[in-house]
Amino acid sequence: MTSSTLITVAPTGAESAKADVPALPVTVEEVVAAARGCEAVGAAVVHLHVRDTDTRPTLDLGRVREVVAAVRENTDLVVQLSSGGAVTDPFDARLAVLDAEPDAASLTLGTVNFGRDVFANPWDLIVELHTQMQQRGIVPEYEVFDLGQLATLARLLDRYGPPHGGHVHVDLVMGVPGGMPGTAQALTACLPLLPAGATFAATGVGRTSLPVMLAALSAGGHLRVGMEDTLTYAPGEPVRDNTQLVARAAGLARIAQRPPMTTEDARTFLGIKPMEIAR
Ligand code: KMH
Ligand code: ZN
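Residues numbered from 1 in each chain as written. Chains lettered and ligands numbered in written order. Predicted model: local features only at pLDDT ≥ 70, side-chain atom pairs only at ≥ 80, totals over all residues. Heavy atoms only, no water.

Draft legend 1. Seen up close, the side chain of Arg267. As for its position among the elements, Arg267 is in helix α9 (residues 263-270). According to the relative accessible area criterion, Arg267 is buried, its value standing at 3%. There is a polar contact of 3.2 Å between the side chain of Arg267 and the backbone oxygen of Leu77. (Helix = DSSP H or I, 4+ residues; strand = E, 2+ residues; numbered from the N terminus. Buried < 20%, exposed > 50% of the residue type's maximum accessible area, 1.4 Å probe, protein only. Polar contact = N/O pair within 3.5 Å; in protein donor to acceptor, adjacent residues only side chain to side chain.)

Have a look at this one:
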C-alpha cells in the first residue's frame, strides 16, 4: 500500500451541458481556474475533456492543444487527456488527441452501456491506443467500467507488453448505468483481477461517489473525483465546484493516514518524466 493517495480531478467530462450545470468549467479560463484550485487542495492529476467556444464537447486538436498548454502553464498537475471523448465521438478523433502530447491519457478496456447510450471500445481501438501510447511515451490510465474489462487488460498486456513507464495504473469507474455498481462488494471483486504490481484508483459516479471513495481508501486505492462524475455534493445540494470535491477527497485521504500525493511524487509513481524535462 502506498503511503499517500493519488487524487485525480475530472473537472468537466463530456456528458453534462453547461446550461444544466452552470458551475461546470468549460472555457479555457474556467478549466485553468478549476485546475489551480484543485491542485491547491490536493489533486495531482487532471483528467481533461475539452469544450468548444459554444461549450459543446470537442476533440478539435487546436482547442485540445490550447487547453493542455494553458493547464501546463498554470499548474504542475499531470495532464491526462480523455481518449474516451463523448459517446458520439468517432474512433479516429479519439486517437488523434494523442497528437496533443499529454503526459497521460485514459484508455477504456471495453464497450459498455452508458445510460441510454453505448460507449464503444472495441478490441482494435484498445490495441491501437495502447500501442500508440507506448510509441509516443504517453502513460495510459486503464479505465475499467466492468469486471470483464480486467480480463481484457490482462490479455492486452500479455500480447502487447507493458505501457510506457512500465507501471500499470487502473481506474475503476463504478456506478455508470450499464457498468458495474458503485459498491464496496464490486470494488473488492475487482481487486484479485488486477495485474501483478498494478495500482488502482476508483471513481464512483453520482451518489456512489462517497461509498466508492471510502471503499477505495480502505483497500489501499487511489481516488478520482470531479464534476465529470458527480454533480450533487449531498442529497439536495448541488456541487459548488470541483475544489469542493477534491477537498473532501483529500480530507478523507488524510483521515486514512494516506495524505494527498504531490504532483512530483505522482509523476514518479505513474512513470511520467519530471516536469522540467516535460516542459
Ligand atoms: N464520456 C464517457 C463516454 C474517458 O474519459 O476516457 C467516457 C469517458 C471515459 O469519460
Ligand atoms: Zn472522462
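Draft legend 2. Molecular detail of the side chain of Asp103. Within the secondary structure, Asp103 sits in the loop between α3 (91-96) and β4 (104-108). On the accessibility criterion, Asp103 (7% relative accessible area) is buried. A polar contact of 3.1 Å, which involves the side chain of Asp103, links it to the side chain of Arg72. Here Val79 takes part through its backbone nitrogen, which lies 2.8 Å from a polar atom of the side chain of Asp103.

Draft legend 3. Up close: the confidence of the model for the chain. Summing up the model confidence of the chain, the mean pLDDT is 97 and the portion of residues at 70 or higher is 98%. By mean pLDDT, the top-scoring element of the chain is strand β1 (residues 7-9) (99), and the lowest-scoring one is helix α10 (residues 275-278) (56). (pLDDT = per-residue confidence, 0-100.)

Draft legend 4. Just the packing of aromatic side chains, in detail. In total, this model carries 4 aromatic pairs according to the counting rule given. On the basis of an interplanar angle of 75° and a centroid distance of 6.0 Å, the ring pair of Phe114 and Phe119 is categorised as edge-to-face. You can call Phe114 partly exposed: its relative accessible area is 23%. With 6.4 Å between their ring centres and 55° between their planes, Trp123 and Tyr160 make a pair best called tilted. Within this pair, whereas Trp123 is found in helix α4 (residues 123-136), its partner Tyr160 is found in helix α5 (residues 148-160), the two being separated by 37 residues in sequence. The class for Tyr160 is partly exposed, based on a relative accessible area of 35%. One aromatic cluster is present, formed by Phe114, Phe119 and Phe145 through successive ring pairs. Geometry around Tyr233 places Arg248 over its ring, the cationic atom sitting 4.0 Å from the centre. (Phe/Tyr/Trp six-rings, centres within 6.5 Å; stacked < 30°, edge-to-face > 60°. Lys NZ or Arg CZ within 6 Å of the ring centre and 35° of its normal.)

Draft legend 5. Region of interest: the coordination of the zinc ion (ligand 2). Looking at the zinc ion (ligand 2), the protein donor atoms are His47 (NE2), His49 (NE2) and Glu228 (OE), and they sit 2.1 Å from it. Read from N- to C-terminus, the donor residues coordinating the zinc ion (ligand 2) fall into the pattern H-x1-H-x178-E. (Donors = N, O, S within 2.8 Å, 3.2 Å for Na, K, Ca; no water.)

Draft legend 6. Local environment of the pairing of strand β10 (residues 222-225). Here β10 shows two buried faces, one formed by His222 and Arg224 and the other by Leu223 and Val225. Pairing analysis gives 3 bridges linking β1 to β10, with the strands arranged parallel. Counted as the bridge partner of Thr8 is Arg224 from β10. Relative to β10, strand β9 (residues 199-204) runs parallel, the two being bridged by 2 bridges. Looking at the pairing, Ala201 lines up with His222 of β10. Handedness of the β-α-β unit built from β9, helix α7 (residues 209-218) and β10 comes out right-handed. (Pairing = 2+ DSSP bridges. Right-handed = clockwise from strand over helix to strand, strands pointing away.)

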